[in-house]
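# Residue-level structural notes
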Amino acid sequence: MSISPASPVVVFDSAVTVTFSFTTKDAGKAELQLKPPGPSVESPVALTSAPAGQWTKWTGTKSFDGKTAGKWSFRATAHGDGEKSTSGTFEVAKALVTKISDFDASPDLVDKGDVIKVSGRLLADGKGYDGQSVAITFRERGSDDYRAVTKLTTGRGGWFSAAVHANATGWWRAEFARTSTATASVSDADRVDVRRGNLGSRIVGFDARPEPVDKGDTLTFTGALRVEGRDGVAGQRVGIFFRADGSRRWEYVTSDVTGRHGRFEAAATAVTSGWWRAEFAGARGVNGAVSDADWVKVDQPAPPPEVDKADTRLIKFNAYPEPVKRGRYLKFKGRLQVDDEGSWEGYSGRVALYFKPLRSKKWQYVKTTTASDSGRLYTRVKAWNSGYWKFVFSGDEDTYGDTSRRDYVRVKR
């Protein structure tokens, strides 16, 4: 027996016509009886027949509405030299009537880009409808159409909630699409008003050069100020600030007013090694910004030729363990030695640790450590990215400086 549509037969607003079909061989007559739920008696279904090769196909139809929901029985009988029959059951179900209640979008007044919460509950025949897909849609003020923003799945009791960004004033609602067993439904709309927030800004391409530089020479600072939605903005003052090695304080040095495409250029005298950055304090309707910091090494002027200094060397430099897990400590060791009349002896001096990320061309200052009287060096830092490490001794009034070999360490995520 073939039943189309298949069981369960779901009835929505209008009656559904179901087709019953079966085949027989050597039968001159066939009957189909249907029995509704409950104590009712069987009723016949009119059949039509059509040849199907050596077989005969019998077909009958019957309409079902919401009042006929329940478990039905069927019995098909073929009459020929004898009598044969088959029987079974099928289900008629009334579609679940859904409703989205308690829908809310809050808060009702936010700044542009703020996160709001949308929530509600999906009911089916008055009960929570779990595990169903609900779409959150939005209609901007001045528009006639709702657009989909996100989809979510109802949880226990049919409840749902999501966090979305509000970028314009308008109406929010939840929509449930019709399924094979349930009707569609749409919540009431809830309006959220959005205030226009300040535009964001950023400083790009900031660079302090040359690197390194001799003490007393001029450093040049360049970059560009970008404002959200624009390539650049002219007529805005950008300050240049400096923080010396070993200090926590940023000090104002100079400034420049942005020109075409937001570009700026300023200059200052190099005094000591440290970090430089550009700062924009902000303007009406525009938030401020701070550039990435750029470290510049300032070399002391070369000593007079008559000053005789000793050579130094950094040996046995090693960064370990290799590889290292991200966020774990990476250890460094080495030895600083001085040439004492042809014999290399341990030397106590301040040595800087540098790092160059993989695929970068710029070495970054990390920290300074001091060698022991025997020249032994040891320090550690937390590893965050793969790259190269080295020790640098800048020398002092008695010695020339030296740089160790570089050591590559891979950082595992």
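Cut-off values and rules
- Residues numbered from 1 in each chain as written.
- Predicted model: local features only at pLDDT ≥ 70, side-chain atom pairs only at ≥ 80, totals over all residues.
- Heavy atoms only, no water.
- 1 Å grid on protein atoms, 1.4 Å probe; cavity = no way out; pocket = protein on both sides within 12 Å on 5 of 7 lines; lining within 4 Å.
- Points joined across faces, edges and corners; volume = space filled by probe spheres on them.
- Helix = DSSP H or I, 4+ residues; strand = E, 2+ residues; numbered from the N terminus.
- Nonpolar A, V, L, I, M, F, W, Y, C, P; charged D, E, K, R; others polar.
- Domains from an automatic or database assignment.
- Pairing = 2+ DSSP bridges.
- Axes fitted to C-alpha atoms, helices over the stretch in contact; angles between N-to-C directions.

## A look at the layout of surface pockets
In this structure, the largest pocket occupies an estimated 730 Å³ of space. Residue lining of the largest pocket: 26 residues in total, with Lys297, Val298, Gln300, Ser394 and Gly395 positioned closest to the centre. Among the elements of the structure, strand S29 (298-299), strand S34 (350-357), strand S35 (364-370) and strand S37 (387-393) are those that each provide at least two residues to the lining of the largest pocket. If one sorts the elements of the lining of the largest pocket by residue count, S34 sits on top with 4 residues. In the lining of the largest pocket, the residues fall into 12 nonpolar, 8 polar and 6 charged.

## Remarks on the domain arrangement of the chain
Taken domain by domain, the chain holds domain 1 (2-94), domain 2 (98-195), domain 3 (201-299) and domain 4 (312-409). One C-alpha centre belongs to domain 1, the other to domain 2, and the line joining them spans 43 Å.

## Notes on the sheet that holds strand S25 (residues 263-269)
Two orientations exist for strands paired in a sheet by backbone hydrogen bonds: parallel and antiparallel. One open sheet accounts for 3 strands, arranged S20-S22-S25; its pairing is antiparallel. Every other strand in the sheet has two partners, leaving strand S20 (201-209) and S25 as the edge strands with one partner each. With strand direction ignored, the average angle separating the axes of adjacent strands in the sheet is 20°. Bridging between S20 and strand S22 (residues 218-227) involves 7 bridges; their strand directions are antiparallel. Each bridged residue has a counterpart across the sheet, and for Ala208 the counterpart in S22 is Phe221.

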